[in-house]
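Now for the letters of each chain:
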Amino acid sequence: MERDKYIRVPKDKKAMEDYDFGIQKKEQMEEMILSEEQYDKLNEIGVFESINHACDIIIDEYEEEVLELSKIPTALDIIEKLIKDSASEELLRLKELLELAVSYKTIVGFDF
């Protein structure tokens, strides 16, 4: 059974608290819903592995992981380098979400 995977950015501090408790509302979040195919595409080019290594987190299937605000610039550097090799729609949207998290001063949640 195919399962959607979510990358979410809370729009403000209240949304971040609600996300932490699992009671967030859709309108509180910017989100990217990845199909299995999209997830595989990002995984194959090493997005998650690179972010995991550089940011000391573990983004993988069937897990929830949070990328803290302080680590987002590192993740952005990784995404920008990958975009130079393969500017896929998924990479561009992920970059946009990371930039939004910085502007909102929140986090990026990976709910896989």
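Note: the structure precedes this text.
Let us look at the structure shown here. (Residues numbered from 1 in each chain as written. Predicted model: local features only at pLDDT ≥ 70, side-chain atom pairs only at ≥ 80, totals over all residues. Heavy atoms only, no water.)

1. Some details on the nonpolar core
I51 and L67 are the most contacted members of the largest nonpolar core, which has 29 residues in total. Counting residues per element, the ones that place at least two in this core are β1 (5-10), β2 (29-34), α2 (36-44), α3 (47-55), α4 (72-85), α5 (89-104) and β4 (108-111). Of all the elements, α4 adds the most residues to this core, at seven residues. With residues near it in sequence (within four places) discarded, I51 still touches D56, I57, I59, L67, A75, I78 and I79. (Core = buried A, V, L, I, M, F, W, Y, C linked by side-chain atoms within 4.5 Å. Buried < 20%, exposed > 50% of the residue type's maximum accessible area, 1.4 Å probe, protein only. Helix = DSSP H or I, 4+ residues; strand = E, 2+ residues; numbered from the N terminus. Contact = heavy atoms within 4.5 Å.)

2. Remarks on the packing of aromatic side chains
Note on aromatic pairs: each is described by the distance of the centres and the angle between the planes. A full pass over the atoms with the stated rule returns five aromatic pairs. With a centroid separation of 6.4 Å and 80° between ring planes, the pair formed by F48 and F110 is classed as edge-to-face. Highlighted residues: F48 in helix α3 and F110 in strand β4, separated in sequence by 62 residues. An angle of 80° between the planes, with centres 6.0 Å apart, marks the rings of F110 and F112 as edge-to-face. (Phe/Tyr/Trp six-rings, centres within 6.5 Å; stacked < 30°, edge-to-face > 60°.)

3. As for α5
The first and last C-alpha atoms of α5 sit 22 Å apart over 16 residues, in line with the 22 Å expected at 1.5 Å per residue. All buried positions along α5 are accounted for by E90, L91, L94, L97, L98, L100 and A101. (Expected span 1.5 Å × (residues − 1).)

4. Some remarks on the packing of α4 against α5
Contact geometry of α4 with α5 gives a least axis separation of 10 Å together with a crossing angle of 155°. With respect to each other, α4 and α5 are oriented roughly antiparallel. When you trace α4 past α5, the crossing you get is left-handed. Contact with α4, carried on its side by I72, A75, L76, I79, E80, L82 and I83, involves L91, L92, L94, K95, L98, E99, A101 and V102 of α5 and no other residues of that element. Taken together, the residues of the contact of α4 with α5 break down into 12 nonpolar, no polar and three charged. (Axes fitted to C-alpha atoms, helices over the stretch in contact; angles between N-to-C directions. Parallel < 35°, antiparallel > 145°, perpendicular 65-115°, else oblique. Left-handed = near helix turned anticlockwise from the far one by under 90°. Nonpolar A, V, L, I, M, F, W, Y, C, P; charged D, E, K, R; others polar.)

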